[in-house]
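# Commentary on secondary and tertiary structure
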Amino acid sequence: MKAEILGTTSKAIAKAAALLQAGEVVGMPTETVYGLAGCAFNSSALAKIFETKERPTFDPLICHVDASVQNLADLEAIGLVNPAALSRVAQARVESLMYRFWPGPLTLVLPRHARVPDLVTGGLDTVGVRMPRHSAAQALIAAAGFPLAAPSANRFGRISPTTAQAVFSELGDRIPMILDGGACEVGLESTVLLVNAEGELTLLRPGGISETQIEEVAHASVIRATSPDAALKKSAELAPGMLDSHYAPSKKLYQLEASVSELNKLEVVGLETAALPESLGLLMLSGSAFEGTSKFEALTGRKVIAFTLSESGNWSEAAQNLFSTLRRLDESPALVLFCEPCLETTGIGHAIADRLKRASHGSKQVAEVAHNR
Ligand code: TXA
Ligand code: MG
């Protein structure tokens, strides 16, 4: 099978919807990253999603709904959420978040409806729901007539795709069709927020909507699943997207100790410059790739291929370019990759820091570089 890539015409959307109704899976553009979509209530379509991605079935899927959903009662009516399991306070918080941030890059993890298959929830009693903002995703869900379960359209643990071509290179030989809705506007996966019965908010994955934005709307504080608080350990485990190694390029990626302009020597704990191969890749957060290249070549004595995420240092632009740039470096002749450290702790910069941390290797793997050079 070779995936057909079609523009988002109404004819193409009807064709994709027909495939979904027949239990097939298709590549779907959203404003965050491309998804691999299948009917959320069809077990064989769900099994196909896991099989196509080589994804372990304990990792739950997000269900995507269209703009006909207005409130919790609608989420119950389509068989996704059980609002009765939420207190009044929790319900009010959920609905304010829905009104303010949907459609958009916010996934709410809520008590599941009995109709939701276990394959969607990974056997948990919660379900992740979001309403994507991309018009083609909206149109596809409406045309299909059911919510679409859709993980990012990459093989498990690899870089999420932000273009139809990237979906093709990940899964093109395994799926019938990819809708090409252009490059993704946000470039990073949605923020995942768990709302429990009492209405407590736990951030399971940072993304396009920041904690501050959420706190302002919900009038409640957001707890980080990654905080050391032992009581939170369980919720961290509930978000397997938080696995340490995720979003990884196939080449080794190391985070530098400082940005290239501040670097006086190649400093990565325990990394021996002598062991490095002839050609290196460099991912800069900001500034000129041209200057970064010459500085890094001077520091390492190697050939360097550098890309910058945003020359002017704009975080949204950086997020938009993150995965496509990692992918370019992965496909370039560079053999070992470096990235500048991202120290942001808030907003979309926090989401970039999170993805870079998971994409990069710890210093424990340095010995391996030496052996594989
Ligand atoms: O932006 C996005 O969210 C993209 C686009 C396609 O919508 N989708 C996406 O899906 O990133 P995926 O499967 O790559 O990540 C889903 C993550 C899971 O790994 C898990 O961390 C969290 O969402 N999740 C989903 N359902 C959950 C649940 N019931 N409980 C806890 N975490 C859940
Ligand atoms: Mg993913």
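Each remark here, short or long, concerns the structure printed above.
Rules used in this analysis
Residues numbered from 1 in each chain as written. Chains lettered and ligands numbered in written order. Predicted model: local features only at pLDDT ≥ 70, side-chain atom pairs only at ≥ 80, totals over all residues. Heavy atoms only, no water. Phe/Tyr/Trp six-rings, centres within 6.5 Å; stacked < 30°, edge-to-face > 60°. Helix = DSSP H or I, 4+ residues; strand = E, 2+ residues; numbered from the N terminus. Buried < 20%, exposed > 50% of the residue type's maximum accessible area, 1.4 Å probe, protein only.

## Quick word on the packing of aromatic side chains
A full pass over the atoms with the stated rule returns two aromatic pairs. Note on phenylalanine 296 and phenylalanine 338: the rings are 5.5 Å apart at their centroids and 65° apart in plane angle, and the pair reads as edge-to-face. Separated by 42 residues along the polypeptide, phenylalanine 296 in helix α10 (residues 289–300) and phenylalanine 338 in strand β15 (residues 336–339) bring together distant segments of the chain. Residue phenylalanine 296 is classed as buried on the basis of its relative accessible area of 0%. Here a set of aromatic residues connected by ring pairs shows up, and it is made of Tyr254, Phe296 and Phe338.

## Observations concerning unusual backbone geometry
With an omega of -5°, the peptide bond running from tryptophan 102 to proline 103 counts as cis. Relative to the elements of secondary structure, proline 103 occurs in the loop between α4 (88–101) and β5 (106–111). Positive phi is not limited to glycine here, since glutamate 54 has a value of about 60°. Here glutamate 54 is to be found in the loop between α2 (43–53) and β4 (62–64). Although it is not a glycine, histidine 219 adopts a positive phi angle of roughly 50°. One can find histidine 219 in the loop between α8 (211–218) and β11 (222–224).

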